[in-house]
Amino acid sequence: MDLSIIIISWNVREKLRENLKALFNSKGDFEYEVFVVDNNSADGSVEMVKNEFPRVELIVNKENFGFAKANNQAIKLAQGDFILLLNPDMRVMPNTLEKMIKWMRDNEQADVAGCHLIDENGNIINHVRRFPTVWDQLAIVLKLPHIFPSVLNKYLRADFNYSKPAKVDSIRGGFFMIRNVGTRHGAFLQLDERYFLWFEEVDFCRQIVETQNSASDGGEVWYTPVAQCVDYVGQSFKQLPRGTAQKYFRDSMLKYFKKWHPGWEHWVLRMAWPMGMFLTWILVKLNIKGSAST
């Protein structure tokens, strides 16, 4: 088996249908399997998958387990040489999968790779990130980018050249291809289930990089423009009230910093979050839109 594709779905039936149609219209000489893990959708997603896509391995959860735990359910069953974590609001091109599989086979140093993401109008989606620091995350918590947009330029890799492949810190989790390396990284092949939403892919990339730093057979994280995918960006997230989304984001940020950073940085962010939640409330009242950036 060349590829195992895993999609976590929550109340995005129409985008999921479009996603699956595109997957099964893929071209190329490779074998693949598709898992859909449904996190207790109430929009008929399960029935749609059962009736229209019998090839899909469907896992139906009776509650919303979040992104990491739901992915791990399918990762444990995956037989592919590569595993693609694919958001339901993505649409692959006919040659996306074939090109990415070939690229991964030709670039054995890459244990994680993301492709060139575009929106539905063909515009580049900037999704390469540096690993979070306390200062850029503090700026996000205190909503400083609303006043000083350039404050996150370094973190968001504003100068990144999306026309060339490059080794990077982390990539967007919407199209997240993993080399199924078996015991090479042991438990690192699974996402950390302490995260319900956000920071899971950043944490996974950090684990890969830390392994590389401590072992000769460690892997790397790469971006490659060899293949494209359309990203409709956050269709599941848009269903969450702004305050609820911020609570998930806060919880995951604090867990990430507690795991990977000195204790004082965790506490600086923890102390700043009450002000951050108050500012979120003000922005909601003023109908000023924004989005968390991991």
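Structure's up top.
About the thresholds
Residues numbered from 1 in each chain as written. Predicted model: local features only at pLDDT ≥ 70, side-chain atom pairs only at ≥ 80, totals over all residues. Heavy atoms only, no water. Disulfide = S-S within 2.5 Å. Helix = DSSP H or I, 4+ residues; strand = E, 2+ residues; numbered from the N terminus. Buried < 20%, exposed > 50% of the residue type's maximum accessible area, 1.4 Å probe, protein only. Phe/Tyr/Trp six-rings, centres within 6.5 Å; stacked < 30°, edge-to-face > 60°. Lys NZ or Arg CZ within 6 Å of the ring centre and 35° of its normal. 1 Å grid on protein atoms, 1.4 Å probe; cavity = no way out; pocket = protein on both sides within 12 Å on 5 of 7 lines; lining within 4 Å. Points joined across faces, edges and corners; volume = space filled by probe spheres on them. Nonpolar A, V, L, I, M, F, W, Y, C, P; charged D, E, K, R; others polar. Pairing = 2+ DSSP bridges. Axes fitted to C-alpha atoms, helices over the stretch in contact; angles between N-to-C directions. Parallel < 35°, antiparallel > 145°, perpendicular 65-115°, else oblique. Left-handed = near helix turned anticlockwise from the far one by under 90°. Contact = heavy atoms within 4.5 Å. Salt bridge = Lys/Arg side-chain N within 4 Å of Asp/Glu carboxyl O.

### Remarks on the state of the cysteines
Okay, step 1: Following the criterion strictly, the structure yields zero disulfides and no others.
Okay, step 2: Left without a disulfide partner, cysteine 115 is nearest to the cysteine sulfur of cysteine 229, which lies 5.2 Å away.

### Digging into unusual backbone geometry
Trans peptide bonds make up most of the peptide bonds, and negative phi angles are found at most residues other than glycine.
Okay, step 1: We note that arginine 157 has phi near 50 degrees; this positive angle belongs to a residue other than glycine.
Okay, step 2: Non-glycine residue tryptophan 198 carries a positive phi angle of around 75 degrees.
Okay, step 3: With respect to the helices and strands, the residue tryptophan 198 is situated in the loop between β8 (175-179) and α6 (200-214).
Okay, step 4: The class for tryptophan 198 is buried, based on a relative accessible area of 12%.

### A look at the packing of aromatic side chains
We describe a pair of aromatic rings using the distance from one ring centre to the other and the angle between the two ring planes.
Okay, step 1: The full count for this structure, using the stated rule, is 15 aromatic pairs.
Okay, step 2: When the centroid spacing of 5.8 Å and the interplanar angle of 80 degrees are considered together, the rings of phenylalanine 176 and phenylalanine 204 count as edge-to-face. One end of the pair, phenylalanine 176, is in strand β8; the other, phenylalanine 204, is in helix α6, and 28 residues separate them in sequence. Here phenylalanine 176 and phenylalanine 204 have matching classes, each one buried.
Okay, step 3: Taken together, a centroid distance of 5.7 Å and an interplanar angle of 70 degrees make the contact between tyrosine 256 and phenylalanine 257 edge-to-face.
Okay, step 4: Given a relative accessible area of 0%, tyrosine 256 falls into the buried group.
Okay, step 5: Here the aromatic cluster, defined as three or more aromatic residues joined through ring pairs, consists of Trp198, Phe199, Phe249, Tyr256, Phe257 and Trp273.
Okay, step 6: Residue placement shows lysine 15 over the ring face of tyrosine 232; its charged tip is 4.5 Å from the ring centre.
Okay, step 7: The ring of phenylalanine 65 has lysine 69 sitting right over it, with the charged end atom 4.3 Å from the ring centre.

### Points about the layout of surface pockets
Okay, step 1: Counted as a void, the second largest pocket has a volume near 160 Å³.
Okay, step 2: What lines the second largest pocket is Arg194, Tyr195, Lys247, Arg250, Asp251, Leu254, Lys255, Lys258, Lys259 and His266.
Okay, step 3: Here the residues of the lining of the second largest pocket are counted per class, giving two nonpolar, one polar and seven charged.

### Some details on the pairing of strand β9 (residues 220-231)
Okay, step 1: In terms of burial, β9 is largely enclosed, as nine of its 12 residues are buried.
Okay, step 2: Where strand β5 (residues 90-92) meets β9, three bridges bridge the pair, whose relative direction is antiparallel. Within the sheet, the bridge partner assigned to arginine 91 lies in β9 and is valine 230.
Okay, step 3: Here strand β6 (residues 110-118) pairs with β9 via seven bridges, running parallel. The residue bridging isoleucine 118 from the neighbouring strand is valine 230, located in β9.
Okay, step 4: In this structure, strand β7 (residues 166-167) lies alongside β9, joined through two bridges in antiparallel fashion. Directly across from lysine 167, in β9, lies its bridge partner tryptophan 222.

### Overview of the packing of helix α1 (residues 13-24) against helix α2 (residues 45-52)
Okay, step 1: α2 packs onto α1 with a crossing angle of 25 degrees between their chain directions and a minimal axis gap of 9 Å. The angle between the axes of α1 and α2 places the two elements in the roughly parallel class. Seen along the crossing, α1 lies across α2 with a hand that is right-handed. Along its contact with α1, which presents Arg13, Leu16, Arg17 and Leu20, the element α2 presents Ser45, Met48, Val49 and Glu52.
Okay, step 2: Partitioned by chemical class, the residues of the contact of α1 with α2 number four nonpolar, one polar and three charged.

### Some words on the pattern of salt bridges
Okay, step 1: Applying the stated criterion across every chain yields a total of 15 salt bridges.
Okay, step 2: Arginine 17 is the partner of glutamate 52 in a salt bridge, and the nearest nitrogen-oxygen pair spans 2.8 Å. Here glutamate 52 is found in helix α2, whereas its partner arginine 17 is found in helix α1, with 35 residues between them in sequence.
Okay, step 3: For glutamate 52, a relative accessible area of 38% gives the class partly exposed.
Okay, step 4: For arginine 17, a relative accessible area of 18% translates into the label buried.
Okay, step 5: Ionic pairing is found between aspartate 231 and arginine 172, a salt bridge with its closest N-O pair at 2.5 Å. Note that aspartate 231 is positioned in strand β9 and arginine 172 in the loop between β7 and β8, a separation of 59 residues in sequence.

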